[in-house]
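So you can see what is in the structure, the chains are spelled out below.
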Amino acid sequence: MSDVKRRVLSIQSHVVHGYVGNKSATFPLQVLGFEVDAINSVQFSNHTGYNVVKGQILNETELDELFCGLESNNLLKCYSHLLTGYIGDVSFLRKIAEIVKKLRSEESKVIYVCDPVLGDNGEMYVPAELLPIYQTLIVPLADIVTPNQYEAELLAGMKIGTESDVWKAVDWFHEKGVDIVAISSSDFGQRGELRTFLSKKDGPRFALNIPKQGSSISFTGTGDLFASLFLAHSYRKHPDQLGHVLERTVATLQAVIKRTIAEIPGAMLTGKEAPNYSQCELKLIQSKADIENPQVVLKAEQIK
């Protein structure tokens, strides 16, 4: 595939220390053969779980200026993908819609992968005003979306209480025009498991159970990593291969988390001490081989 154009314009958060947003997405994409041009929606010293966060927030005018620089140099045709993640401002999000349309006017085959970062575990951590913009403006432009269960609930406007509800929410996305929906995590696995779901519009559906690792430890950047891995593995794949795409994505994600846990001091894993956020940062660089050649153990189940 060396002759295939693979370049991602990635618009999401950036941290100096740690791995979330563009820091979580860029290295895996590069390892898997993609050039990555990153625009940082925010540039923070570290993720917001730390006691202190310092940095800058890019506004829509500054985003437009950067994008206009690319356009003025006739660079828009070089992109195979647009990837978006954390965005915390209404005007900035509206500008994303303009960028999608402009990219497609220059390169009609550009694939938009939208990770709608809204919240998790029942808590929204972006302004509520962003939700209707995602619902009416952004989601209908996306080719692929990768929400978690809570984000799918918010966007579809429904409580997901059963696996049947998952597919109803998935259908909401398909009705909006989204081709591929990947619910990155849900609570519908067996005890000690998460369950992820994948659906192609008018095509196959899959589910895969994921054993929880480090259940008492919170990892950040895993959703960003999921979106980037899924983007890479799904590119130019036949619909019948989507189950394998999900398997490879989850295999790498599990390997990264396993390696991260392995480097946390034992006393902290047993609950005698609480690991700090820095010790829980994803070990991406150390997992390069797992990104290049994921060892698939967990198999996707085809639903239909």
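Residues numbered from 1 in each chain as written. Predicted model: local features only at pLDDT ≥ 70, side-chain atom pairs only at ≥ 80, totals over all residues. Heavy atoms only, no water.

Going by the annotation in an unreviewed UniProt entry, the name recorded for the protein chain is Pyridoxal kinase, with Glossina austeni given as the source organism. One UniProt comment on the protein chain, placed under Sequence similarities (unreviewed entry), says "Belongs to the pyridoxine kinase family." (UniProt positions renumbered as here; feature names shortened; annotations may be inferred.)

A.B. asks: Would you mind going over unusual backbone geometry with me for this structure?
C.D. replies: Of all residues except glycine, most have a negative phi; of all peptide bonds, most are trans. Of note, N74 is a non-glycine position whose phi angle comes to about 55 degrees, a positive value. Relative to the assigned elements, N74 resides in the loop between helix 2 (60-72) and strand 4 (81-84). Given the relative accessible area of 68%, N74 is considered exposed. Its identity is not glycine, yet N121 carries a phi of approximately 55 degrees, on the positive side. Of note, N121 is situated in the loop between strand 6 (119-120) and strand 7 (123-124). (Helix = DSSP H or I, 4+ residues; strand = E, 2+ residues; numbered from the N terminus. Buried < 20%, exposed > 50% of the residue type's maximum accessible area, 1.4 Å probe, protein only.)

A.B. asks: Explain the pairing of strand 2 (residues 35-44) here, please?
C.D. replies: The side chains of a regular strand alternate, residue by residue, between the two faces of the sheet. Both strand 1 (residues 7-15) and strand 2 contribute to a ladder of eight bridges, which runs parallel. Residue pairing across strands places R7 opposite E35, the latter belonging to strand 2. As a crossover connection, the stretch from strand 1 through helix 1 (residues 22-31) into strand 2 is right-handed. Relative to strand 3 (residues 55-57), strand 2 runs antiparallel, the two sharing three bridges. For V42, the partnering residue across the bridge sits in strand 3 and is I57. (Pairing = 2+ DSSP bridges. Right-handed = clockwise from strand over helix to strand, strands pointing away.)

A.B. asks: Help me understand the environment of V113, please; the structure alone is not making it clear to me.
C.D. replies: Within the secondary structure, V113 is located in strand 5 (residues 111-114). On the accessibility criterion, V113 (0% relative accessible area) is buried. As a C-alpha pair, V113 and H81 span 32 residues in sequence and 7.2 Å in three-dimensional space. Once residues within four sequence positions are removed from consideration, V113 is found in contact with H81, L82, L83, T84, I144, A227 and L231. (Contact = heavy atoms within 4.5 Å.)

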